[in-house]
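Fold and contact review
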Amino acid sequence: MKLAPQSIPYRALQKVSGVVLVIFFVVNDSARLGLLPAVGLAGGVLTVAFAYEVAYYRRYEYELTTDTLDIRSGVISRREREIPYRRIQNVDVSRSVIQRAIGVAAIDLETAGGSETEGAIRFVTPEAATHLQREVQRLKRGVESNQEGESSTAPEGPDEQLLFEISPRELALVGALSFDGRLIGLLVFVGSGSVPVVSGLLPDASAMALSGVVIAAVGGLVLVSWVLGAGVSFSNYYGFRLSRAGDELRYERGLFRRYSGSIPTEKVQTLTITDNPAKRALGYATLTIETAGYAPGQGGEDGNQAAIPIARRDRVYDLAREVESFGDPAFTRPPRRVQWRYGIRYLIVVSVLTSVAFGVNSLTGVDIPWYAAALLLLAVPPAAYLKWRHRGYWLGEDHLLTRNGVWSRSVKAVPYYRMQNVIDRRSLFQRRWNVATVVADTAGTSSLVGDDAAAVDIDTDDAVTLCDALTSRLQASLNDRRPRQAAFEWVDTEVVSSESVPEPSDTEPESGSDEVEPASKGTVSDSGEKPDDNDSGTDSTETDDSGTDAVSDGDTAELGPNASERDRE
Amino acid sequence: MTTQRLHPRVRIVWILRAVLVATVLSAPVGGAAYLSYLPTWAPLVVGGVLLTLGTAHAVIRYRRWRYEIREDALYLDRGVITQVRTTVPLVRIQHVDSRRGPVERAAGLASCVVYTAGSRGADVRIPGLTPAGASDLREELKRLAIRAEGEDAV
């Protein structure tokens, strides 16, 4: 299949329009040359770009074969790339305002390999994009059911079932509640250039006037960044809808640039439910779904990756359970003694702040109330308590759930089956309190920025049992998925039997960890904040569905790379 | 497989690295002393302190480092300031490298790097192996990873 013909002029202009403008004005303005050479030169550049894009269009070809998506491209250096359907994590389509006007769409295919998008198709018609999206899903299922030997289970073109649609009220809330602290930093950075100017205008300003200006400036910054953040998230999540089609979640969003994409549920690595005090007070939360490709919905430029930008808390939990049925979490908190650890940590911060204020006061002669910083001492005990209170972990039937963060609290659910490593980490200071942090590393994207599911500051004994429990549960979940698979693979009785041996011994560490939980002193089972489980009836059917998908997903015959490609000059 | 320790010569590699770091870090102090902003003993003291710390770190690091291939996982225990215990399930191993840097070659050592699809512990490096030991470990891990029947890792 070919690209959309409209993409030729669009791509050409997109690439060289800036250069052409610069050339035109520079040449036109120079004394010796005039309008004619300027037009000629700019036209020449445009022609070359146009010719290149025509060649690109003629060379570019993509094809849906029975089990791979083949892309042949390249004008000067040719490239042939084959992406097996089973390795495709997400298919995303985006259309900016201009692209919508001329009727083209950009497709991005993500696999888990590599740091960049594996298949970027620029540009096809919107119909072709939707067709490709649907076909990839259908063929993916076809590949899997063929390997299972039961093709009858695959229904043709599953009907879409709407899971979530953003209401105007929720959209307004997304805008209002998405306060981005990073924007303040940016504005301060930009605004700091004007500080000398302002201080030049106010040569004899008193300290009072100066602090008044500072307060007004800070207030202005907060307001501006809030408005900017609200605008960005409003345009990002305008018209958001999430639906389920068979084993895929599909989303659509965006005011100026429309995004639509698919998230295969069997590729889900981590679910994250976040809220902040404002959302908590109003009873709202945000859900993020992560696959190994990248976090879907992430526009690339803003790092927004929410699968559900905002919804009522119980609704978010229901939707999350629909994707991964993790049940009703009852979190185990870290031991109470870590409150002291946090208290001491905050105490150090406060004393540093106070001494800095004092130093400024006594060295520069600017009369600031340095002792005001010491008032923060009053906030230390509640802060330490809250930090402790909001931590916790829970070992569910098939998932590890962790909870962290006071201000922006996040609950992460990691299926045991998706864990890659288990890391037990104890810093020098943690060892003094006899606590450790256990991290369940997945192939998800947010773990790249160190945002893994982590049980922070739990007792070292608990940490050891937790590590053992996690690894044995991973093995158990692998064993659960294996027997059905062994039926259609080569018969290797020795391997199969040696694999099934650890199964009985697996249960021991698990029951051991269960015994430890009530025995560990100071841990409080957190049942007060359990979300309402309205939807447990439908959950079980959903899990069965995704379970079989994931089994067929785990096919050992193919250990090759995600995308094979051949380059030739 | 019982718990394994690293080859004692790895301390030499790490101490050499500490010497390098100490030299680099005390160079600006040396420059300041040369321009007589600081007394001449300052770079010596700074270098000496850094070297002592680095050497102690290397020695303690060697004492702490342990690894073990268990029935279904590779288990590593290491770290001086922050102790890290990593469990890498054998099913999750994507590929295994053995590699030898220039300093390691000089000391007659090699290391083995285990890759998983995870992001944080994506490459786990076991240093301080003999060249034969490194390729043995690589082969062993490869064999175990295949036996463990790595399914679709992601």
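Residues numbered from 1 in each chain as written. Chains lettered and ligands numbered in written order. Predicted model: local features only at pLDDT ≥ 70, side-chain atom pairs only at ≥ 80, totals over all residues.

Each pair of packed helices gets described by two things: the angle between the helix axes and the distance between those axes. Residue and element names in this part refer to chain A. Where helix 1 (residues 7–29) contacts helix 2 (residues 35–59), the axes come no closer than 9 Å and their chain directions differ by 160°. For the element pair helix 1 / helix 2, the angle class is roughly antiparallel. Between helix 1 and helix 2 lies a crossing of right-handed hand. Counting all contacts with helix 1, which are made through Ser 7, Ile 8, Arg 11, Ala 12, Lys 15, Val 16, Val 19, Val 20, Ile 23, Phe 24, Val 27 and Asn 28, the residues of helix 2 involved are Leu 35, Pro 37, Ala 38, Leu 41, Ala 42, Val 45, Leu 46, Ala 49, Phe 50, Glu 53, Val 54 and Tyr 57. Residue composition of the contact of helix 1 with helix 2, grouped by class: 19 nonpolar, 2 polar and 3 charged. (Axes fitted to C-alpha atoms, helices over the stretch in contact; angles between N-to-C directions. Helix = DSSP H or I, 4+ residues; strand = E, 2+ residues; numbered from the N terminus. Parallel < 35°, antiparallel > 145°, perpendicular 65-115°, else oblique. Left-handed = near helix turned anticlockwise from the far one by under 90°. Contact = placed C-beta atoms within 7 Å. Nonpolar A, V, L, I, M, F, W, Y, C, P; charged D, E, K, R; others polar.)

Here we come to the domain arrangement of chain B. Residues and elements named next belong to chain B. Considered domain by domain, chain B is made up of domain 1 (10–62) and domain 2 (67–147). Relative placement of domain 1 and domain 2: their C-alpha centres are 30 Å apart. Contact with domain 1, which involves 7 residues of that partner, is made by 7 residues of domain 2. Elements with a contribution of two residues or more to the side of domain 1 that touches domain 2: helix 1 (10–34) and helix 2 (41–64). (Domains from an automatic or database assignment.)

This part is about the sheet that holds strand 2 (residues 73–78) of chain B. What the 6 strands build is an open sheet, ordered 20(A)-19(A)-18(A)-3(B)-2(B)-1(B); its pairing is antiparallel. Strands with a single pairing partner mark the edges of an open sheet, and in this sheet they are strand 20 (453–459) of chain A together with strand 1 (66–69) of chain B. If you compare each strand with its neighbour and ignore which way they point, the axes differ by 15° on average. One ladder, built from 6 bridges, connects strand 18 (residues 419–426) of chain A with strand 19 (residues 435–442) of chain A; its direction is antiparallel. (Pairing = 2+ DSSP bridges.)

Let's shift gears to the nonpolar core. All names here are of chain A. Leu 287, Val 316, Ala 320, Leu 400, Val 438 and Leu 470 are the most contacted members of the largest nonpolar core, which totals 90 residues. If you tally residues by element for this core, the top one is helix 14 (residues 460–486), at 7 residues. Beyond its immediate stretch of four places on either side in the chain, Val 316 contacts Ile 273, Ala 285, Leu 287, Ile 308 and Ala 311. Grouped together as the second largest cluster of nonpolar side chains are 22 residues, Tyr 60, Tyr 85, Phe 123 and Ala 129 included. (Core = buried A, V, L, I, M, F, W, Y, C linked by C-beta atoms within 7 Å. Buried ≥ 20, exposed ≤ 12 C-beta atoms within 10 Å, placed from the backbone.)

This paragraph deals with unusual backbone geometry. Cis geometry is found at the peptide bond from Arg122(A) to Phe123(A), where omega equals -10°. For Asn434(A), which is not glycine, the phi torsion reads 60° and is therefore positive. Structurally, the position occupied by Asn434(A) is in the loop between helix 13 (428–432) and strand 19. Judged by C-beta crowding, with 14 C-beta atoms within 10 Å, Asn434(A) ranks as partly exposed. Not every positive phi belongs to a glycine, and Ser36(B) is a case in point at roughly 55°.

All right, on to the pairing of strand 4 (residues 88–95) of chain A then. Regular strands have side chains that alternate between both faces of the sheet. All names here are of chain A. Burial within strand 4 is extensive, with 7 of its 8 residues counted as buried. Summarising the sheet, strand 4 and strand 5 (residues 105–111) pair through 6 bridges and their orientation is antiparallel. Bridge pairing in strand 5 links Asn 90 to Glu 110. Where strand 4 meets strand 10 (residues 258–264), 5 bridges bridge the pair, whose relative direction is antiparallel. Considered in strand 10, the bridge of Val 93 is made with Ser 260.

The next thing to look at is the sheet that holds strand 6 (residues 123–129) of chain B. Residue and element names in this part refer to chain B. Here we have 3 strands laid out as an open sheet, ordered 4-5-6, and antiparallel in their pairing. At either end of the open sheet lies a strand with only one pairing partner, and these are strand 4 (93–99) and strand 6. Taking each pair of neighbouring strands and ignoring which way they run, the sheet shows an average axis angle of 15°. In the sheet, strand 5 (residues 110–116) pairs with strand 6 via 5 bridges, with the strands oriented antiparallel.

Confidence in the prediction for chain B averages 86 pLDDT; 92% of positions are at 70 or higher. Under the prediction, the complex receives an ipTM of 0.86, its pTM being 0.71. (pLDDT = per-residue confidence, 0-100.)

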